[in-house]
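# A structural walkthrough
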Amino acid sequence: LNGTGMQTFGITSGTSNCGAGLFAKAEVNSFIESNAVALENDIARGQGETLSTLNDMLGCSADFNSTLQQNYKTIYAPGVNASEKIVSLASSCEG
């Protein structure tokens, strides 16, 4: 299959049953950083479009919204990398 390009397609599209690798983590981090203000507001409220999109990317359920909301002060504490903290909290909800 290497010659057909199917392996490359499968890896990049997530259809080859490979676990979330560096690409997926980088994509999530990029999303968090690009949408920092909207995401922070959504996490504070416990709902919103940006938070919903993040949950979809991480494979989380809507219940994860309340987890992030409860950890808001920890996620956005001075000197904390919000992206790393969010990904760390999300590790319990990944499929």
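An account of the accompanying structure is given in this report. None of the values given here were measured: they were computed from a predicted structure. (Residues numbered from 1 in each chain as written. Predicted model: local features only at pLDDT ≥ 70, side-chain atom pairs only at ≥ 80, totals over all residues. Heavy atoms only, no water.)

### Observations concerning the pattern of salt bridges
To keep it simple, the criterion reads: Within this document, salt bridges are pairs made up of a side-chain nitrogen of Lys or Arg and a carboxyl oxygen of Asp or Glu, the two lying within 4 Å of each other. By definition, any uninterrupted DSSP run of H or I lasting at least four residues is a helix, any uninterrupted run of E lasting at least two residues is a strand, and each is numbered from the N terminus. For the exposure calls, accessible area comes from a 1.4 Å probe over protein chains only, and a residue counts as buried if that area is under 20% of its type's maximum, exposed if over 50%, partly exposed in between.
Applying the stated criterion to the full structure yields one salt bridge. The salt bridge partner of D42 is R45, with a shortest N-O separation of 2.4 Å. With D42 and R45 both in helix α3 (residues 36-45), this residue pair falls three residues apart, about one helical turn. For D42, a relative accessible area of 6% gives the class buried.

### Examining the nonpolar core
Definition in use: Side-chain atoms within 4.5 Å are what join buried Ala, Val, Leu, Ile, Met, Phe, Trp, Tyr and Cys residues into a set we call a nonpolar core. In this analysis, two residues are considered to be in contact whenever any of their non-hydrogen atoms come within 4.5 Å of each other.
The biggest cluster of nonpolar side chains holds 18 residues, and the ones touching the most others in it are I32, L39, L54, L58, F64, L68 and I86. The set of elements that each furnish at least two residues to this core consists of α2 (22-34), α3, α4 (49-58), α5 (63-70) and α7 (82-90). Looking at this core, the element that brings in the most residues is α7, giving five residues. Among all residues touching L39, those that are not within four sequence positions of it are I32, T50, L51, L54, Y76 and I86.

### With respect to the packing of α4 against α5
Basically, it comes down to this: Helix axes are fitted to C-alpha atoms over the stretch in contact, other axes to C-alpha atoms as well, and angles between N-to-C directions run from 0 to 180 degrees. Here roughly perpendicular refers to angles of 65 to 115 degrees, roughly parallel to angles under 35, roughly antiparallel to angles over 145, and oblique to all remaining angles. By definition, any crossing whose near helix is turned counterclockwise from its far helix by less than a right angle is left-handed, and any crossing with a clockwise turn is right-handed.
Packing of α4 against α5 leaves a shortest axis separation of 10 Å and a crossing angle of 110 degrees. When the axis of α4 is compared with that of α5, the two are roughly perpendicular. Pair α4 / α5 crosses with right-handed handedness. Packed against α4, whose contacting residues are L51, N55 and L58, the element α5 presents F64, N65 and L68 at the interface.

### Examining the packing of aromatic side chains
Using the following cut-off: Each pair of aromatic rings taken from Phe, Tyr and Trp, with Trp reduced to its six-membered ring, is defined by centres within 6.5 Å and is described as stacked if the planes are under 30 degrees apart, edge-to-face if over 60, and tilted in the remaining cases.
In total, this model carries one aromatic pair according to the counting rule given. Ring centres of Y72 and Y76 lie 5.1 Å apart, and the angle between their planes is 40 degrees; on these two criteria the pair is classed as tilted. On the basis of relative accessible area, Y72 is assigned to the partly exposed category, the value being 25%.

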